[in-house]
Amino acid sequence: MRIQLKHPLYKKFEEIWETCRNCVSGELAVKEEGTEYLPKPAGMDGAEYHAYKLRARFYEAPERTLEGMLGQIFRKRPVLKNLTEPVQLGLQRITRRGGVTKLARDVVREVLSVGRVGLLVDLAPQERSGALAYVARYSAENILSWESYSYGGTERLTRLVLRESYWGPDPERPSEEYKKLERLRLLALDEEGRYYQQVHVKVQTEQGESWVGEAAVYPKVKGEYLGEIPFVFCGPGGGDADPEQPPLLKICLLALSYYRTSADLENALYFVGNPTPCATGVQAQDAQSLRMGSSAFNAFGSPEAKVFLLELKGTSVLELRENLNAKKEEMATLGLRMLEAPKKSSQSAENQQMLKEGEKSHLAVVAEACSEQLSEVLRLWSFMSGFAEPAPQISLNRDFSPGQMPVEDAVKLADLVDRGKYTLGDFAAALEAGELLPATATAQEFLGQLPQPSQEA
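Residues numbered from 1 in each chain as written. Predicted model: local features only at pLDDT ≥ 70, side-chain atom pairs only at ≥ 80, totals over all residues. Heavy atoms only, no water.

**Let's talk about the nonpolar core**
Working step 1: In terms of nonpolar packing, the biggest core is built from 97 residues, with Leu160, Phe231 and Leu396 touching the most fellow members.
Working step 2: When neighbours within four sequence positions are excluded, Phe231 is seen to be in contact with Gly118, Leu119, Leu120, Tyr138, Ile143, Leu157, Leu160, Leu162, Leu187 and Leu380.
Working step 3: Residues Ala410, Leu413, Phe427 and Ala430 belong to the second largest nonpolar core, which totals six residues. (Core = buried A, V, L, I, M, F, W, Y, C linked by side-chain atoms within 4.5 Å. Buried < 20%, exposed > 50% of the residue type's maximum accessible area, 1.4 Å probe, protein only. Contact = heavy atoms within 4.5 Å.)

So, in structure tokens, the structure goes:
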């Protein structure tokens, strides 16, 4: 099988991923795609289409909704369990770019944006003896193909091809310049069920370009081969290998529809707001010198000459504007955070609350799925790093309703502490649960900042 072949579902979802990424990136990214998202009306030349596209507005609801969802999930820091001191130190550098909290945020952002991301738990090169395992993140676009089979009621991954980009010497001019290159990483189980990796690089041959595999590498943990591919798929509904629909897809498609309607509205307003000067009964030689403005003077030899402005009434402008407002309101109902558009007056407060709770419950499903998938990654990382069980676990916040403790209650608790009826540890934990501590501080850190009691008798 050719290493560069893509899975059929990859081809199906590739355009969806690109659409969601462009919409989340904002107006500039959407407009760079030109006619892909904004078809050119019949009869327009290049300059007219360029102006037509410039006047259009892309309502950046996808980005705002994404940031709102992230803000809800990470309103409270993730809860980590089964932490020993060595594990806690290792989690601070679990990736090449940061610790476990940053990894969790990056994973959730990808899952919400495009509905898919993959995490590979890998070992350091053999010469770095004693180094801990680390986690490498692969975007949906860089997971080219995968194979699995059902084993004991669960799907077992047997083959996976990942694409990697890196900077290296230009093969055609290796001594003169660098360029961005690609390599493919094959992860698979051999006939004996042992996990191995094999890197493939593109080379130029007489027959053209081809992919050549380097020597296979069999990672070992405590001298034993691995019997599974240490790779975890993360998605909004579970850890299945097959892609899922991105949570933001509907709002992205609606934002693109808004963009096209906006282009039509702005184009109509342009023509309505710019009357066209016209003249009748004017000789051709006189018409060439016709000027507009209070300082201009035009004289025509024919008494039949008439000069006037052709104005459009713009009755369709109201319909286009109503269409835009309807789409903005629909985006507001799709997003977790209401956009600027006002709520429909016909919608009762009870219905609005039910809608809000429904959206939150959907976000809670995403948070729960990501918690399970990240915990599986931590299990693999802990095992491959040689830590003793139980493996660390992570749980993302699913409480999306701000519930800050009233200050009066905190004062009452402080009074109980002064009277010896409430411990400092319980007081600090209550402040943390009541969201009266800074978002970056824990109860333990709060206790460490308190003045220590005197040791004098």
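Alright, that's what it looks like, and here's the rest.
**Observations concerning the confidence of the model for the protein chain**
Working step 1: Averaged over all residues, the pLDDT of the protein chain is 81; the fraction at 70 or higher stands at 75%.
Working step 2: Here residues 336-345 scores under 50 on pLDDT; set against residues more than four positions off or in separate chains, the count is 24 contacts. (pLDDT = per-residue confidence, 0-100.)

**So, the pairing of strand β2 (residues 117-122)**
Working step 1: Counting buried positions over the six residues of β2 gives six, a clear majority of the element.
Working step 2: Every second residue of β2 is oriented toward a common face, with Val117, Leu119 and Val121 on one face and Gly118, Leu120 and Asp122 on the other, all of them buried.
Working step 3: By the bridge criterion, six bridges tie β2 to strand β3 (residues 134-139) in an arrangement that is antiparallel. Each residue of the ladder has a partner; that of Leu120, found in β3, is Ala136. (Helix = DSSP H or I, 4+ residues; strand = E, 2+ residues; numbered from the N terminus. Pairing = 2+ DSSP bridges.)

**Observations regarding the pairing of strand β11 (residues 231-234)**
Working step 1: Side chains Phe231 and Phe233 of β11 all project onto a buried face; the interleaved residues Val232 and Cys234 project onto the opposite face, where all are buried too.
Working step 2: Strand direction decides the pairing type here: β2 and β11, joined by four bridges, are antiparallel. Paired with Gly118 across the two strands is Phe233, which belongs to β11.

**Overview of the sheet that holds β11**
Two modes of strand pairing occur in sheets, parallel and antiparallel, and in both the strands are linked by backbone hydrogen bonds.
Working step 1: An order of β3-β2-β11 is seen for the three strands of this open sheet, with the pairing classed as antiparallel. Of all strands in the sheet, those bounded by a partner on one side alone are β3 and β11. Averaged over neighbouring strand pairs, the angle between their axes works out to 25 degrees when direction is ignored.
Working step 2: In the packing of helix α6 (residues 100-114) onto the sheet, the strands contacted are β2, β3 and β11, and the crossing angle to β2 comes to about 150 degrees. (Axes fitted to C-alpha atoms, helices over the stretch in contact; angles between N-to-C directions.)

**Some thoughts on empty space enclosed by the protein**
Working step 1: Under the counting rule described, the total for this entry stands at one cavity of 30 Å³ or more.
Working step 2: Roughly 30 Å³ of internal volume is contained in the largest cavity.
Working step 3: Forming the walls of the largest cavity are Gly115, Arg116, Phe233, Cys234, Gly235, Gly238, Asp240, Asp242, Pro243 and Glu244.
Working step 4: Taken together, the residues that form the lining of the largest cavity break down as three nonpolar, three polar and four charged. (1 Å grid on protein atoms, 1.4 Å probe; cavity = no way out; pocket = protein on both sides within 12 Å on 5 of 7 lines; lining within 4 Å. Points joined across faces, edges and corners; volume = space filled by probe spheres on them. Nonpolar A, V, L, I, M, F, W, Y, C, P; charged D, E, K, R; others polar.)

**Some points on the packing of helix α4 (residues 61-73) against α6**
Working step 1: For the pair α4 and α6, the least separation of the axes is 10 Å and the interaxial angle reads 140 degrees. It follows from the interaxial angle that α4 and α6 lie oblique. Helix-helix and strand crossings are classified by hand; for α4 and α6 the assignment is right-handed. Facing α4, whose interface residues are Leu66, Glu67, Met69, Leu70 and Ile73, α6 presents Arg105, Val108, Arg109, Leu112 and Ser113.
Working step 2: Per-class residue counts for the contact of α4 with α6 are six nonpolar, one polar and three charged. (Parallel < 35°, antiparallel > 145°, perpendicular 65-115°, else oblique. Left-handed = near helix turned anticlockwise from the far one by under 90°.)

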